[in-house]
Protein chains: 2
Amino acid sequence: MTYRQTIAIDAMGGDFGPSVTVPAAAAALKRMQDTKIIFFGDEKVIAPLMGVYPELKKHSQIHHTDITISSKDKPSVALRNGRDSSMRLAIEAVKDGVADGVVSAGNTGALMAMSKMLLKCLPGINRPAIASVMPTANGKTVVLDLGANLACDAEMLIQFAILGSVYARVVQGVPAPTVGLLNVGTEEMKGHEEIRAAATILSTVPFPGKYYGFIEGNDITKGTVDVVVTDGFTGNVALKTAEGVGKLSKEFLTMAFKSSPLAMLGYLLARGAIKRMKDQVDPRKYNGGMFLGVNGICVKSHGNSDIEGTENAIVVAYDLIRNGFNKRVADEIENLSSQEKFISVVGV
Amino acid sequence: MTYRQTIAIDAMGGDFGPSVTVPAAAAALKRMQDTKIIFFGDEKVIAPLMGVYPELKKHSQIHHTDITISSKDKPSVALRNGRDSSMRLAIEAVKDGVADGVVSAGNTGALMAMSKMLLKCLPGINRPAIASVMPTANGKTVVLDLGANLACDAEMLIQFAILGSVYARVVQGVPAPTVGLLNVGTEEMKGHEEIRAAATILSTVPFPGKYYGFIEGNDITKGTVDVVVTDGFTGNVALKTAEGVGKLSKEFLTMAFKSSPLAMLGYLLARGAIKRMKDQVDPRKYNGGMFLGVNGICVKSHGNSDIEGTENAIVVAYDLIRNGFNKRVADEIENLSSQEKFISVVGV
């Protein structure tokens, strides 16, 4: 049988290992056409779990290894000692062209370090960014960087704007995505020097998106722009703060419904609608940190993801592969690099 | 009649001016003992609004001025041209000892610049921070800096930790407040150099709180610590992101209840409980950015605050005055400065 794409899965990554990655892959497979899965990890654990998923068994194979990267390992240690680890072998499968993308719920730092080292960056991209999609009042927005680069200069921010714009266009189907730079105010003189420099360049040079201007934290969920660009420190804090507030809102809502018999009755009547609302903002639906800018599709699933969350992370990788994301980025950058104005300002 | 405290109000500040500040002061007055109000602004607008509030009229006076700082003025322009503005005169009232604190919903940058220039910082504090209280799963947490200082060195972060701890102790009544440094992970090696340096110092030297360690964005609402310390850029983005997510959750909930007749009926039954929940996280309840570290109580109300929000900002100033916040900070710093260990590490 021939497949259009192959996804390598670090079966051992995350808090639950194969007990989540195997059923998640089985569920994802139903949403992915012509796809083959290769699991990297302990065959003795993975194989027995496949029994109940005949379709998965048919369209997957296991690459055995005993070695696993711990979530506590420093990236440098993982690089040094993780030579035959499930994570590294899964990335190498992409490097060697055996797979088109890799998904891991393992150690983020190690995954980023290994994919940078083995897969390198796309031409014209200096540093990859972690990107993720967040729900907004009117759809979705892609936010990057979420933690790969704590400090970012203007050039990196511009590259993130390119990556985010191509993602919004190619994967989310937004024809002319708007890009905002996350800042503490919308006035021109606000913010760090790097952001102001990036703003000047983005409003001058052509790039695959449309520069909107500075945005503030509340603009993320307002859906002001299709792409939110920020440094990895700010993005990481913003994403996790958003997750925290979402969780707290849910807890307060549950407490409210439990606070009186009348409220409980109200809940019983409204629960279908409430459930749909919760689904809309379910963090599992938005699982999958995409390592954009790496020369190879690499998606990080949350360490504590359940089956549904991990399934979504696998589908995120599939979407990137299926839509030829990396090829499109390379084309855009080649196109930009040939434009005099871009060269003179950005100096790619 | 004698008063225990006097609060100066920039009556013209904010999007709605006296039409909000006057009724807000009337409402706040009911919650504040022995307090006098001085309004700074256009007497022709303020005086007629007082007619319906005889108690406020009795315990307040108007200091007339025609000049107002615009929300669009740059701080430098406001400093230069705002000599007789309602904002500046209100701050000067504190400087001259005529008032104990000032509340304004005007231009944040101008208010910060003027209060720093006129009131100066508390001894031992280099730069004031904007602090605010946020709701958590188990109570409240104070977060600072929210935007006064975009970049912060370790010394500033430590001073913010001191200010936040004293606030939690003195105003919120937490005997031994825990302090967390906002970061992208909880491991020691994570984050910017300044945060790591601040962490080392806070875990070594005595200060009015108890150092907890690094925290992440989701810890803010989890209530992991009583005081969240961060630089002004990150804090500003985190606060506004949290506001945005809170707003989006409410919108989704409203949409859910409106989605079917059954859900609407459910809402009617549960609405008392839902309202209590919404009240719990009502941003108006948490209005009032405190300029901690300024040698004089100064509270910034949201520019678009309604009467209830502005009322709360005035009460925030009252609480700081009533609990002698600045005196307590000064005492703590004097106490710390006499301790050899503190001097050798922080070098105050």
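Rules of the game
- Residues numbered from 1 in each chain as written.
- Chains lettered and ligands numbered in written order.
- Predicted model: local features only at pLDDT ≥ 70, side-chain atom pairs only at ≥ 80, totals over all residues.
- Contact = placed C-beta atoms within 7 Å.
- Helix = DSSP H or I, 4+ residues; strand = E, 2+ residues; numbered from the N terminus.
- Nonpolar A, V, L, I, M, F, W, Y, C, P; charged D, E, K, R; others polar.
- Pairing = 2+ DSSP bridges.
- Buried ≥ 20, exposed ≤ 12 C-beta atoms within 10 Å, placed from the backbone.
- Least-squares fit on C-alpha atoms with pLDDT ≥ 70 in both.
- Arc of directions from axis to C-beta.
- Axes fitted to C-alpha atoms, helices over the stretch in contact; angles between N-to-C directions.
- Expected span 1.5 Å × (residues − 1).
- Parallel < 35°, antiparallel > 145°, perpendicular 65-115°, else oblique.
- Left-handed = near helix turned anticlockwise from the far one by under 90°.
- Domains from an automatic or database assignment.

**A look at the interface of chain A and chain B**
Taken together, the 49 residues of chain A in the interface contact 49 residues of chain B. For the side of chain A that touches chain B, the secondary structure elements donating two or more residues are α9 (217-222), α10 (232-258) and α11 (261-280) of chain A. Classifying every residue of the side of chain A that touches chain B gives 27 nonpolar, 16 polar and six charged.

**Quick notes on the pairing of strand β6 (residues 139-144) of chain B**
All names here are of chain B. With six bridges joining them, strand β5 (residues 129-136) and β6 adopt antiparallel strand pairing. By the bridge assignment, Val133 is partnered in β6 with Val142. Turn length for the β5-β6 hairpin, with the two strands adjacent in sequence and antiparallel, is two residues. Two elements, β6 and strand β9 (residues 227-229), share three bridges in a ladder whose sense is parallel. Each bridged residue has a counterpart across the sheet, and for Leu144 the counterpart in β9 is Val229.

**Structural notes on the pairing of strand β11 (residues 297-300) of chain A**
A regular strand carries its side chains on alternate faces of the sheet. Burial along β11 of chain A is two-sided: the face carrying Ile297 and Val299 of chain A and the face carrying Cys298 and Lys300 of chain A are both buried. In sequence, strand β10 (residues 289-292) of chain A turns back onto β11 of chain A through a hairpin of four residues, with Gly293 of chain A there showing a positive phi of about 105 degrees.

**Looking at the relation of the copies chain A and chain B**
Overlaying chain A on chain B yields an RMSD of 0.0 Å, the required transformation being a rotation through 180 degrees with an accompanying axial translation of 0.0 Å. What the superposition gives is, in effect, a two-fold axis relating one chain to the other. The C-alpha atom lying nearest the rotation axis in chain A is that of Gly266 of chain A; the distance is 1.8 Å. Here 100% of the interface residues in chain A have copies in chain B that are interface residues too; the copies meet face to matching face.

**Observations concerning helix α8 (residues 193-202) of chain A**
Residue and element names in this part refer to chain A. Listing the buried residues of α8 in full gives Ile195, Ala198, Ala199 and Leu202. Viewed along the axis of α8, the buried residues span an arc of 105 degrees, placing them on a single side of the element. Contacts made by the buried residues of α8 are with α7 (154-170), β7 (178-182) and β8 (210-215).

**What to know about the sheet that holds β10 of chain A**
Residues and elements named next belong to chain A. Taken in spatial order, the 11 strands of this open sheet run β3-β2-β1-β4-β11-β10-β5-β6-β9-β7-β8, and their pairing is mixed. Of all strands in the sheet, those bounded by a partner on one side alone are β3 (60-64) and β8. Between one strand axis and the next, the sheet turns through 25 degrees on average, direction left out of account. Its contacts with the sheet put α8 on β7 and β8, and the angle it makes with β7 is roughly 160 degrees.

**Re helix α12 (residues 307-322) of chain A**
Along its 16 residues, α12 of chain A runs 22 Å from first to last C-alpha, staying within 8% of the 22 Å computed at 1.5 Å per residue. Positive phi shows up at Gly324 of chain A, right after α12 of chain A, with a value of about 55 degrees.

**Notes on the packing of helix α1 (residues 18-29) of chain B against helix α12 (residues 307-322) of chain B**
Residues and elements named next belong to chain B. Orientation of α1 relative to α12, taken along the N-to-C sense of each, is 55 degrees, at an axis distance of 8 Å. In terms of orientation, α1 and α12 fall into the oblique class. Between α1 and α12 the crossing geometry is right-handed. Only Ile307, Thr310, Glu311, Ile314 and Val315 of α12 make contact with α1, whose side of the interface consists of Val20, Thr21, Pro23, Ala24, Ala25, Ala27 and Ala28. Per-class residue counts for the contact of α1 with α12 are nine nonpolar, two polar and one charged.

**Digging into the domain arrangement of chain A**
All names here are of chain A. According to the domain assignment, chain A consists of domain 1 (1-121 + 293-303 + 318-323) and domain 2 (126-291). Between the C-alpha centres of domain 1 and domain 2 the distance comes to 26 Å. Listed as interface residues are 14 residues of domain 1 and, on the opposing side, 15 residues of domain 2. Looking at the side of domain 1 that touches domain 2, its residues break down into six nonpolar, five polar and three charged.

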